[in-house]
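A look at the structure
Residues per chain are reported as follows:
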Amino acid sequence: MLSVILMPVAAIHVLSYLTRDIYANFDPLAIGRVLLPRNDFQGLLRKELFYIDQAKTQHDPCGWSEFWELRQKSVMGLLAKTKIDLSELRLPPDKRDRSAAACCPLCYAEYRSGFNRCSDCSINLKPYE
Amino acid sequence: MREIFSVLFPYIVILYIIDCISYVKRHDFLFVSNFRGYFKLINSGLCIKSVSPLSRTFLSRNNPVLFTSSGIYLPTSEQHCQNIFYRSEDFTFIPYHDMDTFEIDGKRVRLNHGNFINPASIRYAKHIGSFIQELKDSKPWERRDKIKAFLDEANDFGQIENHEKSFTIPFFYLKSLCIFLFACIFIILPIGVYANHSVYFNFPIFVLMILLIYLTIIIMSYTSSVRFTRKNSIKD
Ligand SMILES: [Zn+2]
């Protein structure tokens, strides 16, 4: 609200300022489930499950894996409520650009030959067969 | 007065564009709606969040604290902010029995005078702060269920759906005023300043009208937010 008072033209976006934090206590996945188009939500979900799988492989004696196990359960609960099948989520995408040689298994961005890693997700690309 | 506005108008446009730009940190999620009401997700970097007066933005962040039955993991450094992946070496572990001082300072939760938790908002800082306190005060065998319930509650999208349904009514007049202000500044004002027929344009009355709309928006946003928060207080 301070920016609205200091910069009156920002009053046009007052609605945005007022509601910006109302869902701050929720997981981005839950917000995405309600607000995002289905494809974008599936992308977000795919990434999150990948990060959880990756985090679970890390070892730490203080119970690191306990958190990730609970987080995974919670995300799977959300998945069950949204009626999205896990196998559907992990289906490889259709090739959209004929010149593409590989795609990112997380965000589905396509890359020409010569690229090995996705610049957004920092993971290895999957070559098209 | 027209001369003053012809000088001022480009600056007003620049200020508006500045207000439309936002920087999203890594691990933050900014949900932005366009003029048709569809949302897109911005993950990180500089972005134009909203040009339309109707657009809404919601900020969320992946939980900065990892809870376990024996303590919490906090991100130690900027390292975590630069990494997409969660690596245990980027976190420090604090057992519940080692938590001495604990305070919520605006957007920050301060632990043992030094370890900070930096949630995305004051609302979330309070939420996470009180949950850590609750875990600290709980018996060790009760904590796992509490953590599970906390994570499940954060994923309860039904609450968000209900909230979205009840959104339009309390903000209807405010929304209309924002659109009207937008039209006044970016459609009527340039016509008055640059069009040939602007001799008939009464600038003092126009300025007075803009001021009135602005003040009404400020008052209405305050009252609407108080009423809306009281009526739909979700997980405060
Ligand atoms: Zn990617």
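What counts, and at which threshold
- Residues numbered from 1 in each chain as written.
- Chains lettered and ligands numbered in written order.
- Predicted model: local features only at pLDDT ≥ 70, side-chain atom pairs only at ≥ 80, totals over all residues.
- Heavy atoms only, no water.
- Helix = DSSP H or I, 4+ residues; strand = E, 2+ residues; numbered from the N terminus.
- Rg over C-alpha atoms; globule rule 2.2 N^0.38 Å.
- Buried < 20%, exposed > 50% of the residue type's maximum accessible area, 1.4 Å probe, protein only.
- Contact = heavy atoms within 4.5 Å.
- Lys, Arg positive; Asp, Glu negative; His and termini not counted.
- Charge placed at Lys NZ, Arg CZ, Asp CG, Glu CD.
- Pairing = 2+ DSSP bridges.
- Axes fitted to C-alpha atoms, helices over the stretch in contact; angles between N-to-C directions.
- Parallel < 35°, antiparallel > 145°, perpendicular 65-115°, else oblique.
- Left-handed = near helix turned anticlockwise from the far one by under 90°.
- Nonpolar A, V, L, I, M, F, W, Y, C, P; charged D, E, K, R; others polar.
- Domains from an automatic or database assignment.
- Buried area = accessible area lost by both parts, 1.4 Å probe.
- Core = buried A, V, L, I, M, F, W, Y, C linked by side-chain atoms within 4.5 Å.
- Expected span 1.5 Å × (residues − 1).

A closer look at the overall build of chain A
- On a plain count of helices and strands, chain A comes out with six helices and three strands.
- Put simply, chain A runs from its N terminus to its C terminus through helices and strands in the order α-α-α-α-α-α-β-β-β.
- Against the 2.2 N^0.38 benchmark of 14 Å for 129 residues, chain A shows a C-alpha radius of gyration of 19 Å, more extended than a compact globule.
- In terms of principal-axis extent, the alpha carbons of chain A reach across some 55 × 45 × 30 Å.
- Within chain A, the fraction of its 129 residues that count as buried is 51%.
- Across chain A, every contact between residues at least 6 apart in sequence was considered, and the portion connecting residues at least 24 apart equals 36%.
- Between the averaged position of the 17 positive side-chain charges in chain A and that of its 15 negative side-chain charges there is a distance of 4 Å.

A closer look at the pairing of strand β9 (residues 102-105) of chain B
Residue and element names in this part refer to chain B.
- With four bridges connecting them, β9 and strand β10 (residues 108-111) associate as antiparallel partners. Bridge pairing in β10 places I104 opposite V109.
- With antiparallel pairing between neighbouring strands as the criterion, β9 and β10 make up a hairpin whose turn holds two residues, including G106 at a positive phi of roughly 60°.

Description of the packing of helix α5 (residues 64-82) of chain A against helix α4 (residues 140-154) of chain B
- Two elements in contact, α5(A) and α4(B), have axes whose closest approach is 9 Å; the angle formed by their N-to-C orientations is 40°. Taken together, α5(A) and α4(B) sit at an angle that is classed as oblique. Considering the relative orientation of α5(A) and α4(B), their crossing is right-handed. Contacts between α5(A) and α4(B) involve A:E66, A:F67, A:E69, A:L70, A:R71, A:K73 and A:S74 on the former and, on the latter, B:R144, B:I147, B:K148, B:L151 and B:D152.
- Taken together, the residues of the contact of α5(A) with α4(B) sort by class into four nonpolar, one polar and seven charged.

Topic: the domain arrangement of chain A
Residue and element names in this part refer to chain A.
- On domain assignment, one finds that chain A holds domain 1 (2-91) and domain 2 (93-129).
- Here the C-alpha centre of domain 2 lies 24 Å away from the C-alpha centre of domain 1.
- Contacts between domain 1 and domain 2 engage eight residues on the former and seven residues on the latter.
- When the area that domain 1 buries against domain 2 is broken down by residue, the three leading residues are R46, K47 and F50, summing to 74%.

Here's the deal with the nonpolar core
- With 53 residues, the main nonpolar core has A:L45, A:W64, A:W68, B:F31, B:V65, B:F67 and B:I72 as its most contacted residues.
- For this core, the element with the most residues is α5(A), which contributes seven residues.
- Contacts of B:V65, omitting those with residues within four sequence positions, involve A:F67, B:I72, B:Y73, B:L74, B:I117, B:I128 and B:I132.
- If you look at the next biggest cluster of nonpolar residues, it comprises 31 residues, including A:V9, B:F5, B:F203 and B:I213.

Some thoughts on helix α1 (residues 2-20) of chain B
- Under the 1.5 Å per step criterion, the end-to-end length of α1(B) is 26 Å for 19 residues, consistent within 8% with the ideal 27 Å.
- Those residues of α1(B) not exposed but buried are B:F5, B:F9, B:I12, B:Y16, B:D19 and B:C20.

Section: the packing of helix α3 (residues 28-35) of chain A against helix α4 (residues 38-56) of chain A
Residues and elements named next belong to chain A.
- Relative to each other, α3 and α4 sit at 160°, their axes nearing to 9 Å. As the angle between them shows, α3 and α4 are arranged roughly antiparallel. In terms of crossing hand, the pair formed by α3 and α4 is left-handed. Across from P28, L29, G32 and R33 in α3, the residues of α4 making contact are F41, L44, L45 and E48.

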